[in-house]
Amino acid sequence: MNTHAHTIIKWAFCLIFLFTNGIAFGQTKKLKEIEKILKAEQAIKSSGNEFLTGRITIIINKITYHNPPKNGKRRCEQEQTVITSGFYGRSNQYRVKMYMTKPSERLTCDNCPVFEGSSKFELKRDPATMKIIESKDYPLQVAVQRIKQDWVLVGKEKQYVVTAKSSANGCNEIEAINIKIKPYQPEEEGDDEQLASLVQQVPPYAIYITGGRWLKNSDRPETSGENLGWDDLAGQLISLDEPVGLGIPFQITDNPVLLQDIKGFDAFLLNPWHVYSFSGMATPSYYKDSDYEMTTTVSVNINLSADTGEVLAPLEPDDDRLAPLVPEK
């Protein structure tokens, strides 16, 4: 074998050695990083109590203007709904620890909540039929009020008046609310730029709330209350012999309510020895087309604590939370 061939073989063996050792070094480095993260997670102390109970109050205000305007005014509808309920849920302490030791996961994990709860929380299903056989149920206390305004003929002239008015409060046992709290990801949720600008390296938590229906045949949550409608012959509002609906929307928060206290909430979820209280408001949602424009605002108040086995005291309807709806001038 000549000197040139020997040199080539020598360099080939060197490259193979370096490549093999490089892979081994990379794998060793990765294993060390994983081991470091696992040790960091194990070092974070937690109580092991993942089941939580809570109270929530949701206030929804919606105003809708219809097109086209008449004499400078448009048909207008104002609606306010207040939902108050207990709820039950479970935190994911393992996920909280992962987020604490590796914050980048908050930005990459698609649907990884740290808490999920409901006013009808499923505890156990029959494995044969998959029917829910055990659950934590909390009825919703709902207060509503609505005002509609439009142009009507009063005598010989058109007037802009209140054409419908209703208000009521009561218990809604048919529907439920569902709560999910997870890191906020605007690029995946499709939320507005104002919210997206708040997200930096470590995003805040986002609270998403939806309504669910447990319908029995054609049941509708409703109760007696004030219910007035416009009567053209009388030229005024008259009492209607109809109940007032206490239904809640399915999509309660179009935009999430952001929880900026990341460290405090993480610490609470790992050791829920006290009551965690939070109040916030979602960015108002706005919709407009050729027929109408609608603005909706949602605010929430939440109190969370560890499940102690004690039954929450029943809630009473609280219509004092309703701010008066003022007719448009």
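Check the entry above for the structure.
Reading the values: rules and limits
The residue numbers shown here count from 1 along each chain, following its written sequence. Owing to the predicted nature of the model, reporting of local features is limited to residues with pLDDT of at least 70; listing and counting of side-chain atom pairs is limited to 80 or more, with chain, interface and lining totals taken over all residues. Values shown for side chains rest on all heavy atoms present in the structure; no hydrogens or waters enter the calculation. Counting from the N terminus, the helices are DSSP H or I runs at least four residues long and the strands are E runs at least two residues long. In this scheme, a residue with accessible area under 20% of its type's maximum is buried, one over 50% is exposed, and one in between is partly exposed, where area comes from a 1.4 Å probe on protein chains only. Each accessible area is a Shrake-Rupley estimate made with a 1.4 Å probe; only the visible protein chains count as cover when residues are assessed. Contact criterion: two residues are considered in contact whenever any of their non-hydrogen atoms come within 4.5 Å of each other. When the centres of two rings from Phe, Tyr and Trp lie within 6.5 Å, Trp using its six-membered ring, the rings pair. Their planes under 30 degrees apart give stacked, over 60 give edge-to-face, and anything left gives tilted. Look at NZ for Lys and CZ for Arg. If either is within 6 Å of the ring centre and within 35 degrees of the ring normal, a charge sits over the ring. Throughout this description, the term salt bridge denotes a Lys or Arg side-chain nitrogen within 4 Å of a carboxyl oxygen of Asp or Glu. Two N or O atoms count as a polar contact when they lie within 3.5 Å, although within protein this holds only if one can serve as hydrogen donor and the other as acceptor, and sequence-adjacent residues are included solely when both atoms are side-chain atoms. Here the nonpolar core consists of buried residues drawn from Ala, Val, Leu, Ile, Met, Phe, Trp, Tyr and Cys, with membership extended through side-chain atoms lying within 4.5 Å.

Asker: Where do I start with the overall build of the protein in this structure?
Answerer: Within the protein one finds six helices and 17 strands. The buried share of the protein, taken over its 329 residues, is 37%. When the accessible surface of the protein is split by element, carbon and sulfur atoms take 54% of a total near 19500 Å².

Asker: Teacher, can you tell me more about the environment of Q236 here?
Answerer: You can see Q236 is positioned in strand β12 (residues 236–239). Note: C-alpha distance between Q236 and V161 (75 residues apart in sequence) is 9.0 Å. Setting aside residues up to four positions removed in sequence, Q236 forms contacts with G229, W230 and D231.

Asker: Help me out: how do you make sense of the packing of aromatic side chains in this one?
Answerer: Aromatic ring pairs are described here by two measures, namely the spacing of the ring centres and the angle between the planes. Evaluated as defined, the whole model comprises nine aromatic pairs. Ring geometry for F51 and Y88: centres 6.0 Å apart, planes at 20°, overall stacked. Placement of F51 in strand β1 (residues 51–66) and of Y88 in strand β2 (residues 76–91) is noted, with a sequence separation of 37 residues between them. Among the aromatic side chains, those forming a connected cluster through ring pairs are Y205, F265, F268 and Y276. The ring of Y208 has K182 sitting right over it, with the charged end atom 5.3 Å from the ring centre.

Asker: Mind showing me how you'd approach unusual backbone geometry here?
Answerer: Cis geometry marks the peptide bond from N67 to P68, where omega comes out at -5°. In the Ramachandran plot, N71 falls in the positive-phi region, its phi being about 55° despite a non-glycine side chain. Assignment of secondary structure puts N71 in the loop between β1 and β2. By relative accessible area, N71 is classed as exposed at 68%.

Asker: Which parts of the structure should I look at to understand the pattern of salt bridges?
Answerer: For the structure on display, the rule yields eight salt bridges. With a shortest N-O distance of 3.1 Å, R90 and E50 are connected by a salt bridge. With R90 in strand β2 and E50 in the loop between α1 (3–43) and β1, this residue pair connects regions lying 40 residues apart in the sequence. Residue R90 is classed as partly exposed on the basis of its relative accessible area, which comes to 43%. For the salt bridge of E105 with K102, the shortest nitrogen-to-oxygen distance reads 3.7 Å. The class for K102 is partly exposed, based on a relative accessible area of 35%. Several salt bridges share partner residues, and in doing so they unite R75, E77 and D150 into one network.

Asker: Whenever I open this one, helix α2 (residues 93–101) confuses me. Can you help?
Answerer: Those residues of α2 not exposed but buried are Q93, V96, K97, M98 and Y99. For α2, the N-terminal capping position is held by N92, with its side-chain oxygen 3.3 Å away from the main-chain nitrogen of Y94.

Asker: Even after reading the chapter, I still don't get the nonpolar core, so can you show me in this structure?
Answerer: Most often, soluble globular proteins have nonpolar side chains that are buried together. The biggest cluster of nonpolar side chains holds 41 residues, and the ones touching the most others in it are I58, I207, I252, F265 and L304. By residue number, the principal contributor to this core is helix α6 (residues 262–270), which donates five residues. The contacts of I252, once residues within four sequence positions are left out, are I58, I60, I83, I177, I209, T210, G211 and V298.

Asker: Any chance you could explain α6 here in plain terms?
Answerer: It helps to recall that an α-helix has 3.6 residues per turn; residues three or four apart then point in one direction. Looking at α6, one finds that the buried residues are I262, F265, D266, F268, L269 and L270. With a side-chain oxygen positioned 3.0 Å from the backbone nitrogen of G264, the residue opening α6 is D261.

It is worth stressing that arrangement in space is one thing and function is another; only the former is reported here.
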